[in-house]
Amino acid sequence: MAKTLALARRCDYSIRMDKLTKENSKPFARVDFRIWLQQQFMARIKRNPRYSLRAFAKLLDMDPSSVSQIFSGKRNASTKVITKACNVLGAGIKQQESFIYKSKEKFKNSTHKSDSETDYELMAEDVFSIISDWYHFALLELINIDGFDSRPSWCARSLGISTFEAQSAIERMVRVGLLRYEEDTLVRTGKALTNFSPGMTSPAHKNLQRQIIEMALKAVDEIKSEDKDITAMTMAIDIKKLPEARKKIAKFRRELCDFLEDGEQTRVYQMAFQLYPVSK
């Protein structure tokens, strides 16, 4: 039973999003202005982790609380705000018109409901972001920890990321269907997404691999020896055996995951295997 639950929770499933990405190649996807603005802020945080909401609001010549309310969906952006933000952030005229149109449509309908068109058009970008940034999968696992708190601020403290990153990640995974709210509590759905697919070398996967390696380098200096196991072996090998070696690594990864998840879950760990040539 425990093994079945572990398999149900795990992120190590395969789902290919290539077809969706190709179908969703419109030049101007009608994305909601609020989400686009979040993406602009997130891009700046990635370039500079110290970049703040206050700095972003100053760039837009807005009050930080107003920007925060737009991010959270508590305030609708006016045509004036959309126009100013688009001009400052370099959005094209067609994209700007799309934002204004959608804003007026949302106001006209007045009901706060999921926009299936927007959800569909966002799907490819959301999946890219989820696969690309390590903390999405960590959030999925954090839910299993005793004492889990759905508040983005708690999730952010637990994973060492910003509250905005946690909030954006939660919204993104709710849109994709990996998470849902039951009353005020976040729960995982039965939907699965993987950060691994044989032969997949997309930009998202490459970015995730870089992040995992960078985190492993930090762990060398910052994590106590009793809380980690970082080892390596150098060997001369028969490269014809690499396909079988990959299968053995995958099997071992799943078996070790079953073993570690079967018990009291108190902390989220990242497990990575690195097998690569050092000679030509």
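Higher on the page you've got the structure.
What you are looking at is a predicted structure, and each value in this text was computed from that prediction instead of being measured.

**Looking at the overall build of the protein chain**
Then step 1. Of regular secondary structure, the protein chain possesses 13 helices and 2 strands.
Then step 2. With 280 residues in all, the protein chain has 39% of them scored as buried.
Then step 3. Considering only intrachain contacts with a sequence separation of at least 6, the fraction spanning at least 24 residues in the protein chain is 65%.
Then step 4. Split by element, the accessible area of the protein chain, about 18200 Å² in all, is 55% carbon and sulfur.

**Some details on the pattern of salt bridges**
Then step 1. Within this structure, the stated rule accounts for 11 salt bridges.
Then step 2. The shortest N-O distance in the salt bridge between Arg34 and Glu171 comes to 3.0 Å. Note that Arg34 is positioned in helix α3 (residues 33-47) and Glu171 in helix α11 (residues 163-176), a separation of 137 residues in sequence. Here the two residues Arg34 and Glu171 agree in accessibility, since each one is buried.
Then step 3. Note that Glu226 is salt-bridged to Lys224, the shortest N-O span being 4.0 Å.
Then step 4. Owing to a relative accessible area of 59%, Glu226 belongs among the exposed residues under this scheme.
Then step 5. Bridged by salt links that share partners, the residues Arg34, Glu171 and Arg175 form one connected network.

**Describing unusual backbone geometry**
Then step 1. A positive phi is found at Asp61, a non-glycine position, where the angle reads about 60°.
Then step 2. Tracing the chain through its elements places Asp61 in the loop between α4 (53-60) and α5 (64-72).
Then step 3. Residue class for Asp61 comes out exposed when judged on its relative accessible area of 61%.
Then step 4. A positive phi angle, close to 60°, is found at Glu183, a residue other than glycine.

**Observations regarding the nonpolar core**
Then step 1. Core analysis: the biggest nonpolar cluster contains 49 residues, and Phe33 and Leu37 have the highest contact counts within it.
Then step 2. Those residues within four positions of Phe33 in sequence are excluded, and the remaining contacts are Ile70, Ala77, Val81, Ile82, Ala85 and Phe99.

**Section: a nonpolar patch on the surface**
Then step 1. Taken together, the side chains of Met233, Met235, Ile237, Ile239 and Leu275 make up a nonpolar region of the molecular surface, amounting to roughly 570 Å² of accessible area.
Then step 2. Considering the arrangement of structural elements, one finds Ile239 in the loop between α12 (203-222) and α13 (242-261).

**Description of the pairing of strand β1 (residues 179-182)**
Then step 1. Strand direction decides the pairing type here: β1 and strand β2 (residues 185-188), joined by 4 bridges, are antiparallel. Note that in β2 the partner of Arg180 across the bridge is Val187.

**What to know about the packing of aromatic side chains**
Then step 1. Counted according to the given criterion, the structure contains 13 aromatic pairs.
Then step 2. Ring geometry for Phe71 and Phe164: centres 4.9 Å apart, planes at 45°, overall tilted. Here Phe71 is found in helix α5, whereas its partner Phe164 is found in helix α11, with 93 residues between them in sequence. Per residue, the accessibility class of Phe71 equals that of Phe164, and both read buried.
Then step 3. Ring geometry for Trp134 and Tyr135: centres 5.9 Å apart, planes at 85°, overall edge-to-face.
Then step 4. An aromatic cluster is present here, built from Phe41, Tyr51, Phe56, Phe71 and Phe164 joined pairwise through their rings.

**What to know about the packing of α3 against α11**
Then step 1. For the pair α3 and α11, the least separation of the axes is 11 Å and the interaxial angle reads 135°. By the angle class used here, α3 and α11 are oblique. At the point where α3 passes α11, the crossing takes the left-handed sense. Taken together, the residues of α11 that come into contact with α3 (itself represented by Arg34, Ile35, Gln38, Phe41, Met42 and Ile45) are Phe164, Glu165, Ser168, Glu171 and Arg175.
Then step 2. Of the residues in the contact of α3 with α11, the class split is 5 nonpolar, 2 polar and 4 charged.

Cut-off values and rules
- Residues numbered from 1 in each chain as written.
- Predicted model: local features only at pLDDT ≥ 70, side-chain atom pairs only at ≥ 80, totals over all residues.
- Heavy atoms only, no water.
- Helix = DSSP H or I, 4+ residues; strand = E, 2+ residues; numbered from the N terminus.
- Buried < 20%, exposed > 50% of the residue type's maximum accessible area, 1.4 Å probe, protein only.
- Contact = heavy atoms within 4.5 Å.
- Areas by Shrake-Rupley, 256 points an atom, 1.4 Å probe, with all protein chains shown as cover.
- Salt bridge = Lys/Arg side-chain N within 4 Å of Asp/Glu carboxyl O.
- Core = buried A, V, L, I, M, F, W, Y, C linked by side-chain atoms within 4.5 Å.
- Patch = residues over 30% accessible without salt bridge, like charges linked within 9 Å, V, L, I, M, F, W, Y side chains within 5 Å.
- Pairing = 2+ DSSP bridges.
- Phe/Tyr/Trp six-rings, centres within 6.5 Å; stacked < 30°, edge-to-face > 60°.
- Axes fitted to C-alpha atoms, helices over the stretch in contact; angles between N-to-C directions.
- Parallel < 35°, antiparallel > 145°, perpendicular 65-115°, else oblique.
- Left-handed = near helix turned anticlockwise from the far one by under 90°.
- Nonpolar A, V, L, I, M, F, W, Y, C, P; charged D, E, K, R; others polar.

Everything listed is a geometric property; what it means functionally is a separate question.
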